[in-house]
Protein chains: 2
Amino acid sequence: MPQGKPEQVPDDGLTTRQRRRQPVLAVHTGTGKGKSTAAFGMALRAWNAGWPIAVFQFVKSEKWRVGEEAAFRALGEVHDAKGIGAPVTWHKMGEGWSWIQREGTERDHAAEAAEGWAQVKRDLAVERYRFYVLDEFTYPIKWGWVDVSDVVGTLRERPGNQHVVITGRDAAPELIGAADLVTEMGKVKHPMDAGRKGQQGIEW
Amino acid sequence: MPQGKPEQVPDDGLTTRQRRRQPVLAVHTGTGKGKSTAAFGMALRAWNAGWPIAVFQFVKSEKWRVGEEAAFRALGEVHDAKGIGAPVTWHKMGEGWSWIQREGTERDHAAEAAEGWAQVKRDLAVERYRFYVLDEFTYPIKWGWVDVSDVVGTLRERPGNQHVVITGRDAAPELIGAADLVTEMGKVKHPMDAGRKGQQGIEW
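About the cut-offs
- Just so you know, the residues in each chain are numbered from 1, in the order the chain's sequence is written.
- Each chain gets a letter, beginning with A, and each ligand a number, beginning with 1, in the order they are written.
- Where totals are concerned, whole chains, interfaces and linings use all residues; where local detail is concerned, this predicted model gives features only for residues with pLDDT of at least 70, and gives and counts side-chain atom pairs only at 80 or more.
- Side-chain figures throughout are based on the complete set of non-hydrogen atoms in the structure, without hydrogens or water.
- In DSSP terms, a helix is any run of H or I states spanning at least four residues, a strand is any run of E spanning at least two, and both are numbered starting from the N terminus.
- All accessible-area figures derive from a Shrake-Rupley calculation using a 1.4 Å probe, and residue coverage is judged against the displayed protein chains alone.
- Two strands make a pair as long as DSSP finds a minimum of two bridges between them.
- In this description, a line fitted to the C-alpha atoms serves as the axis of each element, helices being fitted only across the stretch in contact, and the angle between N-to-C directions of two axes falls anywhere from 0 to 180 degrees.
- A helix is expected to reach a length of 1.5 Å times the quantity of its residues less one.
- Three exposure classes are used, based on accessible area relative to the maximum for each residue type with a 1.4 Å probe and protein chains only: buried under 20%, partly exposed in between, and exposed over 50%.
- Aromatic rings from Phe, Tyr and Trp, taking only the six-membered ring of Trp, are treated as a pair when their centres fall within 6.5 Å; an angle between ring planes under 30 degrees marks them as stacked, one over 60 as edge-to-face, and anything in between as tilted.
- Should a side-chain nitrogen of Lys or Arg be within 4 Å of a carboxyl oxygen of Asp or Glu, the pair is scored as a salt bridge.
- In these notes the angle categories are as follows: under 35 degrees is roughly parallel, over 145 is roughly antiparallel, 65 to 115 is roughly perpendicular, and the rest is oblique.
- Take the far helix as the reference: if the near one is turned anticlockwise from it by less than a right angle, the crossing is left-handed, and if turned clockwise, right-handed.
- Between two residues, a contact is recorded if the distance between any of their heavy atoms is within 4.5 Å.
- Under the grouping applied here, Gly and all other residues not named as nonpolar or charged are polar, the nonpolar ones being Ala, Val, Leu, Ile, Met, Phe, Trp, Tyr, Cys and Pro and the charged ones Asp, Glu, Lys and Arg.
- The directions from the helix axis to the C-beta atoms form the arc being described.
- Here a polar contact is recorded for every N or O atom pair within 3.5 Å, except that within protein the pair must consist of a potential hydrogen donor and a potential acceptor, and residues adjacent in sequence are included only if both atoms are side-chain atoms.

As annotated in an unreviewed UniProt entry, chain A is Cob(I)alamin adenosyltransferase from Planosporangium mesophilum.

Draft legend 1. Structural context of the overall build of chain A. Across its full length, chain A carries 7 helices and 6 strands. In sequence order, the secondary structure elements of chain A are arranged as α-β-α-β-α-β-α-β-α-α-β-α-β. In the structure as shown, chain A presents an accessible area of about 8,800 Å², 48% of it carried by carbon and sulfur atoms.

Draft legend 2. Local environment of the sheet that holds strand β1 (residues 25-29) of chain B. In space, the 12 strands of this open sheet follow the order β3(A)-β2(A)-β4(A)-β5(A)-β1(A)-β6(A)-β6(B)-β1(B)-β5(B)-β4(B)-β2(B)-β3(B), with mixed pairing throughout. Two strands in the sheet have a free side with no partner beyond their single neighbour: β3 (88-92) of chain A together with β3 (88-92) of chain B. Each strand axis lies, on average, 15° off the axis of its neighbour in the sheet, ignoring direction. Of the strand pairs in this sheet, β1(B) and strand β6 (residues 181-189) of chain B are connected by 4 bridges, and their pairing is parallel.

Draft legend 3. Main features of helix α2 (residues 35-48) of chain A. A rise of 1.5 Å per residue sets the reference length of α2(A), with its 14 residues, at 20 Å; its end C-alpha atoms lie 21 Å apart and thus fit the reference within 8%. Most of α2(A) is tucked away: 13 of the 14 residues are buried.

Draft legend 4. Region of interest: the packing of aromatic side chains. Taken as a whole and judged by the stated rule, the model has 16 aromatic pairs over all chains. For the pair B:Trp143 and B:Trp145, a centre-to-centre distance of 5.0 Å together with 55° between the ring planes defines the contact as tilted. B:Trp145 sits in the partly exposed class, given a relative accessible area of 29%. Three or more aromatic residues joined by ring pairs form one cluster here, namely A:Phe40, A:Phe72 and A:Trp90.

Draft legend 5. Region of the structure containing the pattern of salt bridges. In this structure the tally under the stated criterion is 18 salt bridges over all chains. A salt bridge links A:Glu136 to A:Arg65; the shortest N-O distance between them is 2.6 Å. Of the two residues, A:Glu136 is situated in the loop between β4 (131-135) and α5 (138-142) and A:Arg65 in the loop between β2 (53-57) and α3 (66-82); the sequence distance between them amounts to 71 residues. Comparing A:Glu136 with A:Arg65 shows no difference in burial state: the two are buried. Where B:Lys121 meets B:Asp150, a salt bridge forms, and the shortest distance between an N and an O atom there is 2.8 Å. Residue B:Lys121 is found in helix α4 (residues 109-125), and its partner B:Asp150 is found in helix α6 (residues 148-156); the two are separated by 29 residues along the sequence. For B:Lys121, a relative accessible area of 31% puts it in the partly exposed group. The partly exposed category is assigned to B:Asp150, whose relative accessible area is 25%. Salt bridges linked by common partners bring A:Arg65, A:Asp135 and A:Glu136 together as one network.

Draft legend 6. Molecular detail of unusual backbone geometry. All names here are of chain B. Despite not being glycine, glutamate 127 shows a phi value in the positive range, around 50°. Here glutamate 127 falls in the partly exposed class, since its relative accessible area comes to 42%. The backbone of aspartate 170 shows a phi angle near 55°, a positive value even though the residue is not glycine. Within the secondary structure, aspartate 170 is located in the loop between β5 (163-167) and α7 (173-178).

Draft legend 7. Seen up close, the packing of α4(B) against α6(B). Residue and element names in this part refer to chain B. It is the contact of α4 with α6, at a shortest axis distance of 11 Å, that shows an interaxial angle of 15°. Viewed along their axes, α4 and α6 adopt a mutual orientation that is roughly parallel. Relative to α6, the crossing made by α4 is left-handed. Within the contact between the two elements, α4 uses Trp117, Lys121 and Leu124 and α6 uses Asp150, Val151, Thr154 and Leu155. For the contact of α4 with α6, the class distribution of residues is 4 nonpolar, 1 polar and 2 charged.

Draft legend 8. Local environment of helix α4 (residues 109-125) of chain A. Residues and elements named next belong to chain A. When the terminal C-alpha atoms of α4 are compared, their 24 Å separation across 17 residues agrees well with the 24 Å that a helix rising 1.5 Å per residue should span. Among all positions of α4, only Glu112, Ala113, Gly116, Trp117, Gln119, Val120, Asp123 and Leu124 are buried. Mapping the buried residues of α4 onto a view down its axis gives an arc of 155°, with all of them on the same face. Here the buried face of α4 lies against β2, β4, α5, α6 (148-156) and β5 (163-167). In this structure aspartate 108 caps α4, since a side-chain oxygen of it lies 2.8 Å from the backbone nitrogen of alanine 110.

Draft legend 9. Focus on the side chain of B:Lys92. All names here are of chain B. By the secondary structure assignment, lysine 92 is in strand β3. Residue classification places lysine 92 among the buried positions, given a relative accessible area of 18%. Here glutamate 69 takes part through its side chain, which lies 3.0 Å from a polar atom of the side chain of lysine 92. Those residues within four positions of lysine 92 in sequence are excluded, and the remaining contacts are Gln57, Glu69 and Trp97.

So, in C-alpha cells, the structure goes:
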C-alpha cells in the first residue's frame, strides 16, 4: 500500500500543490489483462471528481467494452439527471466514429484511426474534456496509421489540466518516454491458456 | 488484440460452452498501478451482465477508492431505480465493516480482517453475489491474519458460478496456484517517483 510519500522531491520550483495538479499522461501496456479495465477504473475516479470524460475506442469489434460502455453511459445519465459525477462521451471507431456521417460499410481502418486522432487533437486544443481514455491507441501508432511524433508532441503541448490514458500492447518508446505513469501488465496466467473462451461479464 | 481462440483445448470432457461458464478467480498483483482499478473495471462488465456485485475493501484509509465507491453506488442506484445493470454492495474494513455494530474506535486490524473474510465465506456459501472484489486482500493473507489454505480451499470449493477478483501486492503462491487469471502489474514509471503526490481523480 503506497504511503503517498514521493521518493524524491524535484528541483523544479513548483510547490507540492502545483506539482500535484499537473496533468497526467498514463500508458497501460504489456501482454497481460487489465490494461483497458484499469483505464476505465481510473475513469470512475475522474467521474466522481466531476471531470468530463471522453472515451475513444480505437478498436474494431462489436463486442468489446460493451459492459464498460453501458456502465459509463448510465453514469453519464446520472450526471445529466442529478448533477453529480461528470458527463461521459463515448466514441467508437468500430461504428465509423459517432461524429462522422458515412455511406456504405467499406471503410479504411487506417483512415478511420487517423480521423479519430484528429478529433482527439481538436478536443485537446479546446480543452473539451478533462479525462481521455484512448483505448487500444498503441496499435494505430504501431501500424504507422498515426504518427508517433505528432502524438507525443501534441500530448506534451496540450493546454490546461487534461489527463490522458492510453492503452494497448507494444507502446512506442517515445510514448513511454513522454508518459508520467506507465504500467506494464504482465500475463502470468490466463483462462484462455487452459482452453476456455471468453465469457460475458468477464471479457466484455 | 486477443482473437478469442484458446491456445489449447483441454481433455476435460466439457463443452466449450460449459468451459466458458466456469467461474473465474482472478488475482491482480505486482508493484505497479492498476491492480484495483482493473478489478473495478471488470466489475463494470459484471454490472452490465446483471451480476450482483460485492466489494470488500480490506484497507484502512478514509480516502482510498472514494471515486470508485461513489460511481458504483450510483450504478447500484441505477439498478434499483430502473432495473438495468446489477445491485452493488460495498463493505469497508476502514469503518469496521457495515454489518457489525461496534462501540468505540479502538479496533484490532487482524480481527477485523478475519471478520471480513468470515463474511465473504458466508456470502460465498449461500451464493449471495455473483461478482466479488476482495480489494487489497493479499495483505491480511501475507500478515497471517487470514489463513491462506482456508482462503484457497474455500475458493476452490465455492458453489455455483461466483467470480472473485483479489488484488494486492505479494500474492501468496498458493493463491496464484488456485487462480484462473493472474496479472502482474509492473511499475515502469510513476509520478510519485518524480516527486509528485497523489491527486484527486487520479489516485482516489
